[in-house]
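Topology and contacts: notes
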Amino acid sequence: MSEIEHVHIDPIPCNECPAGMMQPRLITYFTWLGEELITVPHFPAWICDMCGKREYDEKAISWLTMLLSPTAGKPTHRHRKAPLAQPRSGPAHATTDS
Ligand SMILES: [Zn+2]
């Protein structure tokens, strides 16, 4: 588990404007969970110092998505059974359309 601390992060060039650099920042992230507005302080993001474009940290987003997902309260320790039992090769992504 890595915590977000003062790691060494370089600014990355902005892809929206030629001269901007996106700087790592901690912002307050807003998202809706159903009808509830969730605010997440100190959320890692990249903000361009020229045009203000924001990119959120992907890992942080997926962490947040996981936190807010309906199953978040439950331990997700059960590994799915390995899909070895599948008789034939096919699309790994078996959907049950009925
Ligand atoms: Zn920019």
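Look above for the structure.
Since we're looking at a predicted model, the values are computed, not measured.

As for the packing of aromatic side chains
In this structure the tally under the stated criterion is 3 aromatic pairs. With a centroid separation of 6.0 Å and an interplanar angle of 70°, the aromatic rings of Phe 43 and Tyr 56 are classed as edge-to-face. Placement of the pair is Phe 43 in strand β3 (residues 36-48) and Tyr 56 in strand β4 (residues 54-56), with a sequence separation of 13 residues. The class for Tyr 56 is partly exposed, based on a relative accessible area of 29%. Pairwise contacts between aromatic rings join Tyr 29, Phe 43 and Tyr 56 into one cluster.

Some details on the side chain of Thr 31
With respect to the helices, strands and loops of the structure, Thr 31 is situated in strand β2 (residues 21-33). Taking relative accessible area as the criterion, Thr 31 reaches 18% and is therefore assigned buried. Excluding anything up to four places from it in sequence, Thr 31 contacts Glu 36, Leu 37, Ile 38, Leu 64 and Leu 68.

Quick word on the coordination of the zinc ion
For the zinc ion, every protein donor is listed as Cys 14 (SG), Cys 17 (SG), Cys 48 (SG) and Cys 51 (SG), and the spread of their distances is 2.2 to 2.3 Å. Coordination at the zinc ion comes from 4 donor atoms whose angles at the metal span 105 to 115°, giving a geometry best classed as tetrahedral. All donors to the zinc ion come from one chain, and their sequence spacing reads C-x2-C-x30-C-x2-C. Remark: Cys 48 occurs in strand β3 and Cys 17 occurs in the loop between β1 (12-13) and β2; sequence separation between them is 31 residues.

Side note on the pattern of salt bridges
What the rule picks out here adds up to 1 salt bridge. When the shortest N-O distance is used, the salt bridge between Lys 53 and Glu 55 registers 3.4 Å.

Focus: the pairing of β3
When β2 meets β3, the two strands line up antiparallel, connected through 11 bridges. Bridge pairing in β3 links Met 22 to Cys 48. As defined by bridge partners, β3 adjoins β4 across 3 bridges and the pair is classed as antiparallel. In the sheet register, Ala 45 faces β4, and the bridge partner there is Tyr 56. Following β3, the chain reverses through 5 residues before pairing antiparallel with β4; Gly 52 in that reversal takes a positive phi of roughly 80°.

What about the sheet that holds β4?
Strand order across the open sheet formed by 4 strands is β1-β2-β3-β4, with antiparallel pairing between neighbours. Of all the strands in the sheet, the pair left with one neighbour each is β1 and β4.

Brief notes about unusual backbone geometry
The backbone of His 42 sits at a positive phi, close to 55°, despite the residue not being glycine. Counting through the fold element by element, His 42 comes out in strand β3.

Thresholds applied
- Residues numbered from 1 in each chain as written.
- Predicted model: local features only at pLDDT ≥ 70, side-chain atom pairs only at ≥ 80, totals over all residues.
- Heavy atoms only, no water.
- Phe/Tyr/Trp six-rings, centres within 6.5 Å; stacked < 30°, edge-to-face > 60°.
- Helix = DSSP H or I, 4+ residues; strand = E, 2+ residues; numbered from the N terminus.
- Buried < 20%, exposed > 50% of the residue type's maximum accessible area, 1.4 Å probe, protein only.
- Contact = heavy atoms within 4.5 Å.
- Donors = N, O, S within 2.8 Å, 3.2 Å for Na, K, Ca; no water.
- Tetrahedral: all angles 85-135°; square planar, octahedral: opposite > 155°, others 65-115°.
- Salt bridge = Lys/Arg side-chain N within 4 Å of Asp/Glu carboxyl O.
- Pairing = 2+ DSSP bridges.

Geometric descriptors of this kind do not, in isolation, establish any biological role.
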